[in-house]
Amino acid sequence: GYYVIELAFTGESCVHMLLSLAADSSSRDVPMLIHHAATLLVMLAALRAGFVRVGAAVLFIHDATDLPIDATRLCQSLGWTRSLYASVLATLASWAALRLYAFPRYVVASALLDTTHYLEVFDFVGLKVISVAYTLYVLPLLFLVAL
């Protein structure tokens, strides 16, 4: 349930940003559109390949770091200066701990190192198909690390 709801939300975000870019080509949504498209690709590849645990970990990390970002936007809109400072610190801490450390250390490393058993599980489709599928699965993860 959670995975499918998040998949729909990420897809809707991509569509919304595409529409805003179509309406205003000078929009600053291009980096976020690329980020959401890469996230959507990772989620779909994880779902298709049976790597739902990795996809759910990506979602959890993104959701956990989005909470302080939303709190920062809310505090800024309401003019709550002290709360704004606290939410900015929480945003920096969550990004450092989750997106800059935990994501590459646990999620990407697991996708790179702990999936070799799938060569045996999916040997009936052939090494070329597995190689292409694995590349399409891992490259967006690496791209998300770079963003």
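Residues numbered from 1 in each chain as written. Predicted model: local features only at pLDDT ≥ 70, side-chain atom pairs only at ≥ 80, totals over all residues. Heavy atoms only, no water.

1. Observations regarding the confidence of the model for the protein
Step number 1: On average, residues of the protein score 84 in pLDDT, and 99% of them reach the 70 mark or higher.
Step number 2: Across the protein, the secondary-structure element scoring lowest on mean pLDDT is helix α5 (residues 118-121), at 71, and the one scoring highest is helix α4 (residues 81-113), at 90. (pLDDT = per-residue confidence, 0-100. Helix = DSSP H or I, 4+ residues; strand = E, 2+ residues; numbered from the N terminus.)

2. With respect to the packing of aromatic side chains
Step number 1: Following the criterion strictly, the structure yields 1 aromatic pair and no others.
Step number 2: Seen in terms of ring centroids, tyrosine 101 and tyrosine 106 are 6.1 Å apart; in terms of plane orientation they differ by 85°. Their pairing is edge-to-face.
Step number 3: On the accessibility criterion, tyrosine 101 (45% relative accessible area) is partly exposed.
Step number 4: Positioned above the aromatic ring of tyrosine 106 is the side chain of arginine 105, whose terminal nitrogen or guanidinium carbon lies 5.2 Å from the ring centre. (Phe/Tyr/Trp six-rings, centres within 6.5 Å; stacked < 30°, edge-to-face > 60°. Buried < 20%, exposed > 50% of the residue type's maximum accessible area, 1.4 Å probe, protein only. Lys NZ or Arg CZ within 6 Å of the ring centre and 35° of its normal.)

3. A word on the environment of aspartate 29
Step number 1: Mapping aspartate 29 onto the fold places it in the loop between α1 (2-23) and α2 (30-49).
Step number 2: For aspartate 29, a relative accessible area of 24% translates into the label partly exposed.
Step number 3: For the pair formed by aspartate 29 and leucine 18, sequence separation is 11 residues and the distance between their alpha carbons is 8.4 Å.
Step number 4: Apart from residues lying up to four places away in sequence, aspartate 29 is in contact with Met17 and Ser20. (Contact = heavy atoms within 4.5 Å.)

4. Observations regarding helix α6 (residues 127-146)
Step number 1: A rise of 1.5 Å per residue sets the reference length of α6, with its 20 residues, at 28 Å; its end C-alpha atoms lie 28 Å apart and thus fit the reference within 8%.
Step number 2: Among all positions of α6, only Ile130, Tyr137, Val138, Pro140, Leu141 and Leu144 are buried. Projected onto a plane normal to the axis of α6, the buried residues spread over an arc of 150° and lie on a single side. Residues of α6 that are exposed and point over 90 degrees away from its buried face: Leu127, Lys128, Leu136, Leu139 and Ala146.
Step number 3: Summarising the contacts, the buried residues of α6 are in contact with α2, α3 (52-78), α4 and α5. (Expected span 1.5 Å × (residues − 1). Arc of directions from axis to C-beta.)

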